[in-house]
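Here are the chains, one letter per residue:
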Amino acid sequence: MGTPSLSLWAVLVLTLVLAGLWAPCVVSRQPNFIVILADDVGWGDLGANWAETKETPHLDQLAAEGTRFVDFHSAASTCSPSRASLLTGRLGVRNGVTHNFAIASLGGLPLNETTLAEVLREAGYSTGAIGKWHLGHHGRHHPNSRGFDYYFGIPYSHDMGCTDSPSYNLPPCPPCPWHSAAARVARKDCYTEVALPLFENVTIVQQPVELGSLARRYAEEAERFIRRASDSGRPFFLYLALAHMHVPLAPPLPPAPGRAIYGASLGEMDALVGRIKELADSLGKGSTLLWFTGDNGPWAQKCELAGRLGPFVGAWQRQRGGSSAKQTTWEGGHRVPALAYWPGRVPAGRTSHALLSILDIFPTLVALAGAALPPDRRFDGLDVSPVLFGWSDVGHKVLLHPNSGAAGKVGEIEALRLAQYKAFYTTGGAMACDGSTGPAEQHQPPLIFNLDRDIQEQEPLDVASREYQAVLPAISRAYAQALQDIAADNVSVADYSQDPAAIPCCNVQHVGCRCHGAPGATWDPHMERRTPQLCL
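The rules behind each value
Residues numbered from 1 in each chain as written. Predicted model: local features only at pLDDT ≥ 70, side-chain atom pairs only at ≥ 80, totals over all residues. Heavy atoms only, no water. UniProt positions renumbered as here; feature names shortened; annotations may be inferred. Helix = DSSP H or I, 4+ residues; strand = E, 2+ residues; numbered from the N terminus. Contact = heavy atoms within 4.5 Å. Areas by Shrake-Rupley, 256 points an atom, 1.4 Å probe, with all protein chains shown as cover. Buried < 20%, exposed > 50% of the residue type's maximum accessible area, 1.4 Å probe, protein only. Pairing = 2+ DSSP bridges. Axes fitted to C-alpha atoms, helices over the stretch in contact; angles between N-to-C directions. Salt bridge = Lys/Arg side-chain N within 4 Å of Asp/Glu carboxyl O. Phe/Tyr/Trp six-rings, centres within 6.5 Å; stacked < 30°, edge-to-face > 60°. pLDDT = per-residue confidence, 0-100. Core = buried A, V, L, I, M, F, W, Y, C linked by side-chain atoms within 4.5 Å. Expected span 1.5 Å × (residues − 1). Disulfide = S-S within 2.5 Å. 1 Å grid on protein atoms, 1.4 Å probe; cavity = no way out; pocket = protein on both sides within 12 Å on 5 of 7 lines; lining within 4 Å. Points joined across faces, edges and corners; volume = space filled by probe spheres on them. Nonpolar A, V, L, I, M, F, W, Y, C, P; charged D, E, K, R; others polar.

Per an unreviewed UniProt entry, the recorded name for the protein chain is Arylsulfatase G, and the organism is Irena cyanogastra. Entered under Cofactor (unreviewed entry) in the UniProt record, the comment concerning the protein chain runs "Ca(2+)". On record in UniProt, under Sequence similarities (unreviewed entry), the comment for the protein chain is "Belongs to the sulfatase family."

(A) The arrangement of the overall build of the protein chain in detail. Across its full length, the protein chain holds 14 helices and 16 strands. Within the protein chain, residue pairs in contact and separated by at least 24 positions form 72% of the contacts whose partners lie at least 6 positions apart. Carbon together with sulfur atoms contributes 56% to the accessible area of the protein chain, which is approximately 20900 Å² in total.

(B) Seen up close, the pairing of strand β10 (residues 338-341). Residues Ala338 and Ala340 point to one face of β10 and Leu339 and Tyr341 to the other, with burial holding for every one of them. In the sheet, strand β2 (residues 67-69) pairs with β10 via 2 bridges, with the strands oriented antiparallel. Its bridge partner lying in β10, Thr67 is registered against Ala340. With 4 bridges joining them, strand β9 (residues 288-294) and β10 adopt antiparallel strand pairing. Along β10, the bridge assignment pairs Phe292 with Leu339.

(C) Seen up close, the sheet that holds β2. Taking strand neighbours across the sheet as the criterion, the 10 strands line up as β7-β6-β5-β4-β8-β1-β9-β10-β2-β11 in an open arrangement whose pairing is mixed. A strand with exactly one partner marks an edge of an open sheet, and here the two such strands are β7 (203-206) and β11 (350-352). Each neighbouring strand pair of the sheet contributes to a mean axis angle of 20°, computed without reference to strand direction. Relative to β9, strand β1 (residues 32-38) runs parallel, the two sharing 7 bridges. When the bridges of β9 are listed, Ile36 appears paired with Phe292. Taken strand by strand, helix α3 (residues 79-88) contacts β1 and β8 (236-241), and its axis lies near 170° from that of β8.

(D) Layout of the pattern of salt bridges. Under the definition given, this model contains 26 salt bridges. Arg94 serves as the salt-bridge partner of Asp485, at 2.6 Å between the closest nitrogen and oxygen. Pair noted here: Asp485 is in helix α13 (residues 466-487) and Arg94 is in helix α4 (residues 92-95), with a separation of 391 residues, a long-range link. Its relative accessible area of 25% is what places Asp485 among the partly exposed residues.

(E) Structural view of the packing of aromatic side chains. Tallied over the full model, the rule gives 19 aromatic pairs. Ring geometry for Trp330 and Phe449: centres 5.7 Å apart, planes at 75°, overall edge-to-face. With Trp330 in the loop between α9 (315-318) and α10 (331-334) and Phe449 in strand β16 (residues 441-450), this residue pair connects regions lying 119 residues apart in the sequence. The class of Trp330 is buried, set by a relative accessible area of 2%. Members of the aromatic cluster, joined through ring pairs, are Trp133, Phe148, Phe237 and Tyr239.

(F) Just the confidence of the model for the protein chain, in detail. The predicted model of the protein chain has a mean per-residue pLDDT of 91, with 90% of residues at 70 or higher. Here residues 1-27 is a poorly scored stretch, pLDDT under 50, and it has 11 contacts once near neighbours within four places are set aside; other chains count. Low pLDDT, under 50, characterises residues 517-536; the stretch is placed with 31 contacts to residues that sit more than four places away or in other chains.

(G) Highlighting the nonpolar core. Judged by nonpolar contacts, the single largest core of 68 residues is most densely connected at Phe237, Tyr239, Leu289 and Leu365. Counting residues per element, this core draws most heavily on α13, which supplies 8 residues. Setting aside its immediate chain neighbours within four residues, Tyr239 contacts Val35, Leu37, Arg83, Leu86, Leu87, Gly128, Ala129, Ile130, Lys132 and Phe148. Ranked by size, the runner-up nonpolar core spans 57 residues in total, among them Val41, Ile130, Leu279 and Ala280.

(H) Examining α13 more closely. The end-to-end C-alpha distance of α13, which contains 22 residues, comes to 33 Å, matching closely the 32 Å that a straight helix rising 1.5 Å per residue would cover. Those residues of α13 lying buried are Tyr468, Val471, Leu472, Ile475, Ala478, Tyr479, Ala482 and Ile486. Contact partners of the buried residues in α13: α4, β13 (398-402), β14 (413-418), β15 (421-427) and β16.

(I) Structural context of the state of the cysteines. Per the counting criterion, the structure on display carries 5 disulfides. Residue Cys303 pairs covalently with Cys433 via a disulfide, S to S 2.1 Å. Judged by the sign of its S-S torsion, about 105°, the bond between Cys303 and Cys433 is right-handed. Placement of the pair is Cys303 in the loop between β9 and α9 and Cys433 in the loop between β15 and β16, with a sequence separation of 130 residues. Relative accessible area serves as the criterion here: at 22%, Cys303 is assigned to the partly exposed category. Here Cys505 engages in a disulfide with Cys513; their sulfurs sit 2.1 Å apart.

(J) A look at the layout of surface pockets. Space inside the second largest pocket adds up to approximately 400 Å³. Asn100, Asp159, Met160, Tyr191 and Trp299 are, among the 17 residues lining the second largest pocket, the residues nearest its centre. Looking at side-chain class alone, the lining of the second largest pocket contains 6 nonpolar, 7 polar and 4 charged residues.

(K) Structural context of unusual backbone geometry. Following Val247, the chain continues to Pro248 via a peptide bond in cis, the omega torsion being 0°. Assignment of secondary structure puts Pro248 in the loop between β8 and α8 (259-282). A cis geometry characterises the amide bond from Gln444 onward to Pro445, with omega recorded as 5°. Relative to the elements of secondary structure, Pro445 occurs in strand β16.

(L) Layout of the sheet that holds β13. In space, the 4 strands of this open sheet follow the order β13-β14-β15-β16, with antiparallel pairing throughout. Every other strand in the sheet has two partners, leaving β13 and β16 as the edge strands with one partner each. Neighbour-to-neighbour, the strand axes of this sheet turn through a mean angle of 20°, independent of strand direction. Pairing of β15 with β16, which is carried by 6 bridges, proceeds in the antiparallel orientation. Bridge assignment links Phe424 to a residue of β16, and that residue is Leu447.

(M) Seen up close, empty space enclosed by the protein. For the coordinates displayed, the defined rule picks out 7 cavities of 30 Å³ or more. When its volume is computed, the largest cavity comes out at roughly 140 Å³. Lining the largest cavity are 13 residues, with His158, Leu211, Ala243, His244 and Ala250 positioned closest to its centre. Elements represented by at least two residues in the lining of the largest cavity include exactly α7 (214-232) and α8. Residue classes in the lining of the largest cavity are distributed as 7 nonpolar, 5 polar and 1 charged. Volume-wise, the second largest cavity comes out at about 100 Å³. Residue lining of the second largest cavity: His158, Asp159, Gly161, Cys162, Thr163, Pro166, Asn169, Cys173, Pro174, Tyr191, Leu211 and Pro248, and that is the complete set. Within the lining of the second largest cavity, the residues separate by chemical class into 7 nonpolar, 4 polar and 1 charged.

In structure tokens, the structure reads:
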């Protein structure tokens with residue numbers, strides 16, 4: 001009975017394909033790609049994820065018209081390592097980027113690592129990066145040397161330099177000095193001596209950056225890049241790395257104190273994403289894959305200026321003090337919102353529970369572009385096209401979580417996910433809003449949580465329980481196999497050395513590297529582009 005049914009099904013599928021009515025996997029031309037990366041965004045910062053959030057109507061509409069991934073993870077829980085993993089498909093223990101680069105860093109993402117932009121450009125794509133880079137800005141580490149035809153943005157986090165309007169931060173930071181005596185006033189956690197630069201390609205076009213207009217500038221430059229690429233007839237890859245929701249927050253209108261500041265900034269980010277989606281749709285629905293996600297979870301020590309974790313509160317850690325968000329391997333540190341939108345290709349209104357990672361963006365886009373992965377190295381990411389298109393809901397069997405600045409050695413694998421189980425080998429060491437960090441603890445045997453029953457990570461399994469004893473051997477094998485695989489790989493080493501000469505500065509004669517105008521002066525980008533200042 002089964003054989004005739006299968007034969008009839010095969011004939012039906014063949015008929016539909018020949019008629020052109022069913023061809024979900026056939027891409028007539030290389031698709032465009034827009035990857036939007038939010039900064040320090042919480043899983044609960046999307047209304048589609050967390051009902052308490054009301055400030056994201058455009059993102060919620062994106063979720064309704066695309067697929068929402070609810071078990072999606074950053075590859076690290078701090079800036080540089082997460083971004084390096086997105087652009088290489090490899091964890092920091094492989095690509096060499098284990099912690100953040102500084103404003104004086106000589107190095108960056110190792111030059112022997114191949115970026116997603118380099119692969120796609122070789123495949124015929126126009127490539128653009130707009131926003132935060134944080135993978136090295138000196139010499140050949142600049143985005144224009146790493147596969148991007150066009151770059152507009154800031155070289156690192158926008159709290160790593162002073163501005164004339166510092167906006168909202170905890171602690172609050174002073175504005176850039178105008179006189180040398182003021183520059184010597186030190187503030188904890190504040191950069192007071194060098195202004196934050198804004199680049200167009202290798203030219204500093206503004207220093208210090210005007211934070212209040214940065215989101216608008218990013219949207220405008222993204223639109224220009226998309227239109228130029230579309231007019232050229234070439235497919236494009238746009239990597240849009242937003243300043244939102246990293247502090248300092250610069251909402252468009254002065255909101256009321258407290259959570260209203262964060263909500264206003266979240267609403268601004270939402271509107272920016274909506275603007276990019278509208279432009280992508282105007283090019284012809286079905287020609288562009290838009291992928292939205294975050295680099296890591298909220299920065300808990302920023303208190304009311306930090307994002308929403310949703311249910312991923314890391315209760316076990318909170319009971320002992322310290323953060324369970326950014327920098328940590330708790331779910332709140334690396335489980336991030338993720339949406340994919342591609343009309344006619346990615347199913348609308350779907351929620352996927354597949355275990356996925358930011359690492360998967362590299363191999364998936366490479367496959368969709370018809371390109372090949374770089375040889376002589378191993379990848380932690382997967383081609384998750386079957387999940388993207390709704391044909392499967394199976395992702396990673398094992399996912400590794402490195403230390404990103406909490407207790408332990410940076411970059412080392414300190415937590416592991418196996419199906420619904422999460423094992424911790426090290427905990428503690430990240431600062432919470434109340435200033436506590438929690439004790440640094442090593443766990444042998446590891447703490448193991450069953451996330452299906454305990455999404456808050458509140459109560460680890462009893463080591464004497466049958467469940468713990470049943471799952472521990474599989475976790476131990478997976479951990480050992482992962483470390484062996486990394487040890488056998490072609491591993492890179494990043495240069496973290498620093499030299500003040502590497503600090504981007506468009507006018508070394510002026511305090512703070514200020515180079516445009518006087519207090520209250522307006523910035524004329526056309527005038528500035530006629531007098532370029534190079535940092536390289």
